[in-house]
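What the coordinates show
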Amino acid sequence: MKSAVETLNPTRVRLTVEVPFEELKPSLDAAYKKINQQVTVPGFRKGKIPARVIDQRFGRGAVLEEAVNDALPRFYTQAVDEGKIEVLGQPDITNIEGVEKIADGGDLKFTAEVDIRPEITLPDFASIEVTVDPIAVSDEDIEKSLEQLRERFSSVKDVERAAAAGDIVVVDLIAKVDGEVPEDGTANGVSYEIGSGRLIDGIDDAVTGLEAGGTATFSTELKGGTQAGQTSEVTVTVTAVQEKELPELDDEFAQLASEFDTLEALRDDSRKRLERMKEYDQATQAQEKVLDALLGLVEIEFPEKLLKDEIETRKHNLEHHQLQPMGLDIDSYLETQGKTREEWEAEIEEQAKKGIKTQFVLDQIVADEELGVNQEELTEHLIRRAAGSGLTPDQFAQQVVQGGQVPLLVGEVARGKALATVVEAAKVADTEGNEINFDDEDETAQTVEAPAAEETAAEEKTGA
């Protein structure tokens, strides 16, 4: 086999492949054998039909088509390997010549155009400088944390007075759209904390000041259900007004809400916990800022087809996996966001470009630094991903294996290690001028979703 590579642009090449008959003959023989096992001809045992009879009865074209379908992928892959090309996605194979002459000893020629990874020149990671928030836990932060804990241990009691902010009201709701109550337009016995914003717009003003038995009507735009996006007239009836009772903030509360005997010990633990959270937030912020700085220092050409597929994948995921379950279409969504379709499409394109660029850049670091992924790292990553999916680690692992997605997870772990390498080399300081060193892999080697999840076109096409 002979092959030649022609560069069409920085992200696309054309392969020209010539295959002599001697190398095609096994595919031709295999085609006759396969058809032999599939057809029946009177007078011949199955599998013993001569090639000339198959040609006469079923046409030589069927045999040649089978032979070419078997040969093309094999010789294309061989040409890619010989040319040491990092291809993206499937090729466009054209100009197939000589098919009709194969059975007579002729050669096969074809061309294949395919996207390739762009060449990437990485900067000196030590030249990257970013600033992050300091780790500072104030007394106010601790008191806020304790108040949230008190809320969790609060109780309620019915009161005979008008509802006010912070109260719990139990309500019945009836929503009408164009004067009609839709199938899912009623709800009874709903508990709602006034001012929490966890129900529908307008309900706070409607129920404030009502006593048990009071009724009010207000207009609002429905956010979910079959009538999402529609303006509705909602009638709310308060069936009970309840007042929250918070436990006293003392040693007895500390014993109730924690393993500590004193409120002071609980405060100390809250400070340590908040510091750990801020350390994690600081590491995450450093990752994001270092990544943005790194991408800003790298210029790449985007493979046209890959970018187009990535944009379409992101649009599909938003419309079909996020909006449709909420009963929204893209126009309703854009209206709530205050965006035009052109603005949204430009935003999607920028997100797609960043996702592809991130993956390419981090994959280049993985290759340059020869970063590997061991079983322990993969298992830890799988457990983290399982926790975010709502599945047990065993269930998630089974899903990953059955879906053939193990390479995707390996790619995620490797890119996380690549980003950790950059963060460790970069100069990171907080806004108070304190230099921060991230030399703990657990802090920096977090998953980098670039692009995210299993459905992403870039992930599938690069085979990462």
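Preceding this paragraph is the structure being described.
So, here is what we can say about the structure in this document. Small disclaimer: the values here were computed from a predicted structure and weren't measured.

Some details on the packing of aromatic side chains
In the structure shown here, the tally under the stated rule is one aromatic pair. Centroid distance phenylalanine 153 to phenylalanine 253: 6.1 Å. Interplanar angle 90°. Geometry classified as edge-to-face. Here phenylalanine 153, found in the loop between α4 (139-152) and β6 (155-158), pairs with phenylalanine 253, found in helix α6 (residues 251-257); they are 100 residues apart in sequence, far enough to count as distant. By relative accessible area, which is 2% here, phenylalanine 253 ends up buried.

What about helix α9 (residues 330-337)?
Among the residues making up α9, those that are buried are Ile330, Tyr333 and Leu334. When α9 is viewed along its axis, its buried side chains cluster within an angular range of 95° and face the same direction. Residues of α9 that are buried make contact with α8 (304-323) and α10 (341-369). Of the residues flanking the end of α9, it is glycine 338, one or two places downstream, whose phi is positive at about 70°.

A look at the nonpolar core
What tends to happen in soluble globular proteins is that the nonpolar side chains get buried as a cluster. Grouped together as the largest cluster of nonpolar side chains are 42 residues, with contacts concentrated most on Val290, Leu294, Ile365 and Val428. Counting residues per element, the ones that place at least two in this core are β5 (129-132), α7 (263-296), α8, α9, α10 and α13 (406-425). With nine residues, α10 is the largest single contributor of residues to this core. Excluding residues that lie within four positions of it along the chain, valine 290 makes contacts with Ile128, Val130, Val422, Val423, Ala426 and Val428. Counting residues in each nonpolar core, the second largest holds 19 residues, with Tyr76, Ala79, Val80 and Val114 among its members.

Notes on the sheet that holds strand β12 (residues 435-436)
The strands making up a sheet are joined through hydrogen bonds of the backbone, oriented either antiparallel or parallel. One open sheet holds the three strands; their spatial order is β5-β11-β12, and the pairing between them is mixed. Strands with a single pairing partner mark the edges of an open sheet, and in this sheet they are β5 and β12. The pairing of strand β11 (residues 427-430) with β12 spans two bridges and is antiparallel. From the neighbouring strand, valine 428 faces β12, where its bridge partner is isoleucine 436. In this fold α7 packs onto β5, β11 and β12, with an angle of close to 150° to the strand it touches most, β5.

Rules behind the numbers
Residues numbered from 1 in each chain as written. Predicted model: local features only at pLDDT ≥ 70, side-chain atom pairs only at ≥ 80, totals over all residues. Heavy atoms only, no water. Phe/Tyr/Trp six-rings, centres within 6.5 Å; stacked < 30°, edge-to-face > 60°. Helix = DSSP H or I, 4+ residues; strand = E, 2+ residues; numbered from the N terminus. Buried < 20%, exposed > 50% of the residue type's maximum accessible area, 1.4 Å probe, protein only. Arc of directions from axis to C-beta. Contact = heavy atoms within 4.5 Å. Core = buried A, V, L, I, M, F, W, Y, C linked by side-chain atoms within 4.5 Å. Pairing = 2+ DSSP bridges. Axes fitted to C-alpha atoms, helices over the stretch in contact; angles between N-to-C directions.

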